[in-house]
Amino acid sequence: MPKVIYVTGAPAAGKSSTLKALRALLPNIQVWEYGERLTEYVKDRSEGVSDQNDLRSKSALVVTPDDVEQLDRLLLEFVVSNRSKVPVLIDSHPVTKEEYGFRITAFSQKDVQSLAPDEIWVFYAGPAETRRRIEKESGGRPLPSEEEARMHTSLQAGVAATYGIMVGKPVYLFDTETDQQILAAKLKTRIE
């Protein structure tokens with residue numbers, strides 16, 4: 001049976017670019033990009049968001065817990081309809097940097113168990129590299145201090161570890177400061 005893999009990491013951890021490289025090697029995988037889907041969902045109900053950069057910069061000012069809960073329902077439907085056909089990767093990060101600190105909008109225990117990922121992957125980069133990536137291309141993301149970048153990664157890994165414990169599945173942490181193609185090739189072997 002094809003795998004369902006939950007992929008997470010703090011902003012600028014390399015999730016999108018790594019998954020793009022992985023898709024080039026495995027074009028049949030289905031990727032649910034949570035931020036992209038959340039942007040479309042919020043745009044449909046609010047005039048305050050025009051694109052994903054806008055959503056990232058406004059975050060908790062426009063995204064409600066109800067929005068997250070509704071999108072979680074759509075994600076579960078997506079996984080149920082695809083899990084027996086093709087590998088499914090869920091690109092999500094429930095920890096967001098807010099003007100007051102951080103916010104965690106995690107799955108409920110019931111939802112994580114319904115999602116039933118086979119593996120959980122955490123992508124990470126060091127705080128200096130995270131800051132460099134955001135400075136180069138912010139995409140609406142606020143520039144964190146080194147301590148905030150470190151904390152964001154730790155919080156994200158903590159949520160992933162909790163999910164792994166809840167479903168009894170392994171959690172793998174991948175350093176994205178390595179060659180993207182080599183990393184994608186390693187990840188490919190985990191899916192096949």
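Attention in this report is confined to the structure presented alongside it.

Parameters and conventions
- Residues numbered from 1 in each chain as written.
- Predicted model: local features only at pLDDT ≥ 70, side-chain atom pairs only at ≥ 80, totals over all residues.
- Heavy atoms only, no water.
- Helix = DSSP H or I, 4+ residues; strand = E, 2+ residues; numbered from the N terminus.
- Rg over C-alpha atoms; globule rule 2.2 N^0.38 Å.
- Buried < 20%, exposed > 50% of the residue type's maximum accessible area, 1.4 Å probe, protein only.
- Contact = heavy atoms within 4.5 Å.
- Axes fitted to C-alpha atoms, helices over the stretch in contact; angles between N-to-C directions.
- Parallel < 35°, antiparallel > 145°, perpendicular 65-115°, else oblique.
- Nonpolar A, V, L, I, M, F, W, Y, C, P; charged D, E, K, R; others polar.
- Salt bridge = Lys/Arg side-chain N within 4 Å of Asp/Glu carboxyl O.
- Core = buried A, V, L, I, M, F, W, Y, C linked by side-chain atoms within 4.5 Å.
- Expected span 1.5 Å × (residues − 1).
- Arc of directions from axis to C-beta.

1. A short note on the overall build of the chain
And step 1. Looking only at helices and strands, the chain has 8 helices and 7 strands in total.
And step 2. The globule rule puts the C-alpha radius of gyration for 192 residues at 16 Å, and the 16 Å found for the chain is close to it.
And step 3. The principal-axis extents of the C-alpha atoms in the chain amount to approximately 40 × 35 × 30 Å.
And step 4. Relative to its full complement of 192 residues, the chain shows a buried share of 47%.
And step 5. A sequence separation of at least 24 residues applies to 76% of the contacts in the chain between residues at least 6 apart.

2. Quick look at the packing of helix α6 (residues 127-136) against helix α7 (residues 146-167)
And step 1. In the contact formed by α6 and α7, the axes pass within 8 Å of each other and the chain directions differ by 105 degrees. In terms of their interaxial angle, α6 and α7 are classed as roughly perpendicular. Together, Pro 127, Ala 128, Thr 130 and Arg 131 of α6 and Glu 146, Ala 149 and Arg 150 of α7 make up the contact between the two elements.
And step 2. Classifying every residue of the contact of α6 with α7 by side-chain character gives 3 nonpolar, 1 polar and 3 charged.

3. Examining the side chain of Asp 67
And step 1. In this fold, Asp 67 is placed in helix α4 (residues 65-82).
And step 2. Excluding residues that lie within four positions of it along the chain, Asp 67 makes contacts with Leu 38, Tyr 41, Val 42, Arg 45 and Val 62.

4. Some thoughts on the pattern of salt bridges
And step 1. For the structure shown, the criterion picks out 9 salt bridges.
And step 2. Residues Glu 129 and Arg 132 are paired through a salt bridge, measuring 2.7 Å at the closest nitrogen-oxygen approach. Of this pair, Glu 129 and Arg 132 both sit in helix α6, 3 residues apart, which is roughly one turn of that helix.
And step 3. With relative accessibility at 17%, the residue Glu 129 sits in the buried group.
And step 4. We classify Arg 132 as partly exposed; its relative accessible area is 42%.
And step 5. Put simply, Lys 3, Glu 119 and Arg 190 are held in one network by salt bridges that share partners.

5. Things to note about the environment of Ser 92
And step 1. One can find Ser 92 in the loop between β3 (88-91) and β4 (95-98).
And step 2. Counting along the chain gives 14 residues from Ser 92 to Ala 106, while the straight-line C-alpha distance between them is 9.9 Å.
And step 3. When near neighbours in sequence (up to four residues on either side) are disregarded, Ser 92 contacts Tyr 6, Val 7, Thr 8, Gly 9, Lys 15 and Tyr 34.

6. What to know about the nonpolar core
And step 1. Counting residues in hydrophobic clusters, the biggest one holds 28 residues, and the most contacted among them are Leu 75, Val 79, Ile 90 and Leu 115.
And step 2. Mapped by element, the contributors of at least two residues to this core are β1 (4-8), α2 (34-45), α4, β3, α5 (109-115), β6 (119-124) and α7.
And step 3. At 6 residues, α4 tops the list of elements feeding residues into this core.
And step 4. Those residues in contact with Leu 75, other than ones at most four positions away along the chain, are Trp 32, Tyr 34, Ile 90, Phe 107 and Leu 115.
And step 5. Core analysis: the next-biggest nonpolar cluster, separate from the first, contains 15 residues, Ile 5, Val 7, Leu 89 and Leu 187 among them.

7. Considerations on α7
And step 1. The end-to-end C-alpha distance of α7, which contains 22 residues, comes to 32 Å, matching closely the 32 Å that a straight helix rising 1.5 Å per residue would cover.
And step 2. Of the positions making up α7, those classed as buried are Ala 149, His 152, Thr 153, Gln 156, Val 159, Ala 160, Tyr 163, Gly 164 and Val 167. Mapping the buried residues of α7 onto a view down its axis gives an arc of 140 degrees, with all of them on the same face.
And step 3. Gly 168 lies just past α7 and shows a positive phi near 65 degrees.

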